[in-house]
Amino acid sequence: MSTALWLAVIASALGTLLIRVVPFLWMQRRLGSDTGLNSIPQWISILGPLMIAAVLGVSLVPVNPGAVSWGATAIGLLVTLLVWQRVRSMGLPVAAGVAVFGLVLVGVTLAG
Amino acid sequence: MSHVSARSALKGVREAIPLLGGYIPVSLSFGLVATQAGFTTWEAAAISLLIYAGASQFLFVGMVAAGSPLWLVIALTLLINIRHVVYGPNLAAWLPPSRHWLWLMHGLTDQVFALAHTRLPQLREAERFGWFLGAALLAWVVWIAGTVVGATGGEALTARWPLLGEIMPFALPALFLTMVAPRFTDKRWALALGCTIASALFFTLYGWSNVAIPLAAACGAICFYMVKFHPGKNVL
């Protein structure tokens, strides 16, 4: 890489780090201040869960979208949800969901 | 680092393992794409080490390979990552003050945020710093290692196990589903979350994946503020 390209990498890296760290430090200072500004604005606390829901929506699209992969996604999500309703934790539902998703995908591929 | 106990860091490492189902295939792909775009293995690894933001890294190498002006490459890389501004404030109340956040927040990706936002409130205060350290470091190290493997042998790997690259990423939607499901507490939240998931899916399917997360969250927020239920009818 040329020097200019290295500088572009460093500028992008520093900018991304600042985007992540400055609002965090600003909020920690605000929470710890004596001026009464010690609560998180409502719009920020609402955006938190919505961002996670958005990441879920984006990740739903299979690597190779098609009838089989969409079907496997629906079945995998259903199994994940059913196991989660039973155990209310993360590890087991994720493992069960991936296993069923993989079985459906491999099963249909082998059958076809 | 007085807040760190090995046990809480290991807990963070253990709980971040499902994230790797998404990190490994995507970092392998990034390594492969970067070398195909003319970067060496170590340059691709340096990009993963320093920028550490999936979508914007793909955009960065793609634009550089296409000969775009570097100021535009930097501007668009940062524009894609601007959604991260709301992540830190949402975690601030649960993490102890420390000078180490200056570098540790480098690990605050979409996935680490989602996991931390769900798990930190459930942990004891003394565990939280170590937990975040363990979870963030595991994800970062695996991302860099995946880039190196993808750059050196990605083509051979995907040719040998073609289905693995399709199955492993399902760990991400499965994990996020377990994080979102408990938040369906009433009709108002259910509608806002449902609207967000549907619009993120829509934007991604129609090729707007780079801006899908902030746009979908904005749609959900509009839904949350616009639609209100009578107190008696808000229960699911």
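An unreviewed UniProt entry annotates chain B as Branched-chain amino acid ABC transporter permease originating from Vreelandella populi. Of the comments in the UniProt record for chain B, the one headed Sequence similarities (unreviewed entry) reads "Belongs to the AzlC family." Under the UniProt heading Subcellular location (unreviewed entry), the note attached to chain B is "Cell membrane".

Per an unreviewed UniProt entry, the recorded name for chain A is AzlD domain-containing protein, and the organism is Vreelandella populi.

Participant: Before we move on, could you go through the overall build of chain B and cite the residues and values that matter?
Facilitator: Counting its regular elements, chain B contains 13 helices and zero strands. What you see in chain B, going N to C, is helices and strands ordered as α-α-α-α-α-α-α-α-α-α-α-α-α. Its C-alpha atoms give chain B principal-axis dimensions of roughly 60 × 45 × 40 Å. Counting all 236 residues of chain B, 55% fall into the buried class. At a minimum sequence separation of 6, the contacts of chain B that also span at least 24 residues come to 75%. Counting only carbon and sulfur atoms, one obtains 69% of the accessible surface of chain B, whose full area is about 10200 Å². When the 14 positive and 8 negative side-chain charges of chain B are each reduced to one mean point, those points stand 12 Å apart.

Participant: Before we move on, could you go through the UniProt feature "transmembrane region" (unreviewed entry) in chain A and cite the residues and values that matter?
Facilitator: All names here are of chain A. Listed under "transmembrane region" (unreviewed entry) in the UniProt record, and renumbered for this structure, are residues 6-27, 39-61, 67-84 and 91-111. Within the segment residues 67-84, helix and strand shares are 100% and 0% respectively, and the terminal C-alpha atoms sit 26 Å apart. Between the C-alpha atoms that bound residues 91-111 there is a distance of 30 Å. The span itself is 100% helix and 0% strand.

Participant: Any details on the layout of surface pockets? Residues and values, ideally.
Facilitator: Approximately 1400 Å³ is the volume attributed to the largest pocket. Around the largest pocket, the lining comprises 49 residues; the ones closest to its centre are Gly22(B), Val26(B), Phe58(B), Pro169(B) and Leu172(B). Within the residue set of the lining of the largest pocket, elements represented by two or more residues are helix H2 (42-59) and helix H3 (67-87) of chain A together with helix H2 (20-36), helix H4 (54-65), helix H8 (110-119), helix H9 (125-160), helix H10 (164-167) and helix H11 (171-180) of chain B. For the lining of the largest pocket, the element with the highest residue contribution is H2(B), accounting for eight residues. Across the lining of the largest pocket, the residue classes tally to 29 nonpolar, 16 polar and four charged. Approximately 280 Å³ is the volume found for the second largest pocket. Arg88(A), Ser89(A), Met90(A), Thr118(B) and Gln122(B) are the residues nearest the centre of the second largest pocket, which is lined by 15 residues in total. Those elements giving two or more residues to the lining of the second largest pocket turn out to be helix H1 (6-16), H8 and H11 of chain B. Residue composition of the lining of the second largest pocket, by class: five nonpolar, five polar and five charged.

Participant: Kindly report on the packing of helix H1 (residues 3-32) of chain A against helix H3 (residues 41-50) of chain B, identifying the contributing residues and their values.
Facilitator: Where H1(A) contacts H3(B), the axes come no closer than 9 Å and their chain directions differ by 20 degrees. The angle between H1(A) and H3(B) falls in the class roughly parallel. Crossing geometry of H1(A) relative to H3(B) is assigned as right-handed. Judged by residue contacts, Trp6(A), Val9(A) and Ala13(A) of H1(A) engage Glu43(B), Ala46(B), Ile47(B) and Leu50(B) from H3(B). In terms of residue class, the contact of H1(A) with H3(B) is made up of six nonpolar, no polar and one charged.

Participant: I'd love a proper account of the pattern of salt bridges, names of residues and values included.
Facilitator: All names here are of chain B. The final tally for this structure, using the stated rule, is four salt bridges over all chains. Residues Arg119 and Glu15 are paired through a salt bridge, measuring 2.6 Å at the closest nitrogen-oxygen approach. Of the two residues, Arg119 is situated in helix H8 and Glu15 in helix H1; the sequence distance between them amounts to 104 residues. Comparing Arg119 with Glu15 shows no difference in burial state: the two are buried. Between Arg83 and Asp110 there is a salt bridge, and its shortest N-O distance comes to 2.7 Å. Taken as a pair, Arg83 in the loop between helix H5 (70-81) and helix H6 (87-91) and Asp110 in helix H8 lie far apart in primary sequence, 27 residues in all. With a relative accessible area of 8%, Arg83 lands in the buried category. The buried category is assigned to Asp110, whose relative accessible area is 9%. Beyond isolated ion pairs, a larger network of salt bridges with shared partners links Lys11, Arg124 and Glu127.

Participant: I'd like to hear about the packing of aromatic side chains, residue by residue, with values.
Facilitator: Counted under the stated rule, the structure contains 14 aromatic pairs over all chains. By way of ring pairs, the aromatic residues Phe24(A), Trp101(B), Phe129(B) and Phe132(B) are connected into one cluster. Its end group placed over the ring of Trp84(A), Arg88(A) keeps NZ or CZ at 4.1 Å from the ring centre. In this structure, Arg188(B) packs its charged tip against the face of Phe224(B), placed 3.9 Å from the ring centre.

Basis of the calculations
- Residue positions within a chain follow its written sequence, with the count starting from 1.
- Chains carry letters and ligands carry numbers; both start at the beginning, A for chains and 1 for ligands, and go up in the order they are written.
- Predicted model: local features are reported for residues with pLDDT of at least 70 only, side-chain atom pairs are reported and counted for 80 or more only, and whole-chain, interface and lining totals are derived from all residues.
- Only hydrogens and water are set aside when side-chain values are computed; all heavy atoms of the structure are taken into account.
- UniProt positions are given in the numbering used here, feature names are shortened, and annotations may be inferred rather than shown by experiment.
- Strands here are runs of E lasting at least two residues and helices are runs of H or I lasting at least four, both read from the DSSP assignment and numbered beginning at the N terminus.
- The rule is simple: take the accessible area with a 1.4 Å probe, protein chains only, and divide by the maximum for that residue type; under 20% is buried, over 50% is exposed, in between is partly exposed.
- Throughout, a contact is declared for two residues whenever any of their heavy atoms are within 4.5 Å.
- Using the Shrake-Rupley algorithm and a 1.4 Å probe, accessible areas are obtained, with residue cover drawn only from the displayed protein chains.
- For the purpose of counting charges, residues Lys and Arg are taken to be positive, whereas Asp and Glu are taken to be negative. His and the chain ends are not included.
- Charge positions come from single atoms, namely NZ of Lys, CZ of Arg, CG of Asp or CD of Glu.
- The way it works is a 1 Å grid over only the protein atoms, where trapped points that fit a 1.4 Å probe form a cavity and open points with protein on both sides within 12 Å along at least five of seven lines form a pocket, and then any residue with an atom within 4 Å of a point lines it.
- Grid points are joined across faces, edges and corners, and a volume is the space filled by probe spheres set on the points.
- Each residue is assigned to one class: nonpolar for Ala, Val, Leu, Ile, Met, Phe, Trp, Tyr, Cys and Pro, charged for Asp, Glu, Lys and Arg, and polar for all the others, Gly among them.
- Inter-axis angles, ranging from 0 to 180 degrees, are taken between N-to-C directions of lines fitted to C-alpha atoms, where helices are fitted over the stretch in contact.
- By the definition adopted for this analysis, an angle is roughly parallel if under 35 degrees, roughly antiparallel if over 145, roughly perpendicular if from 65 to 115, and oblique otherwise.
- Left-handed describes a crossing whose near helix is turned anticlockwise from the far helix through less than a right angle; right-handed describes the clockwise counterpart.
- One speaks of a salt bridge when a side-chain nitrogen belonging to Lys or Arg is within 4 Å of a carboxyl oxygen belonging to Asp or Glu.
- Here the aromatic set is Phe, Tyr and Trp, taking the six-membered ring for Trp, and pairing holds for ring centres within 6.5 Å; pairs whose planes are under 30 degrees apart are stacked, those over 60 apart are edge-to-face, and all others are tilted.
- In this scheme, the term charge over a ring applies when either NZ of a lysine or CZ of an arginine sits within 6 Å of the ring centre and within 35 degrees of the ring normal.

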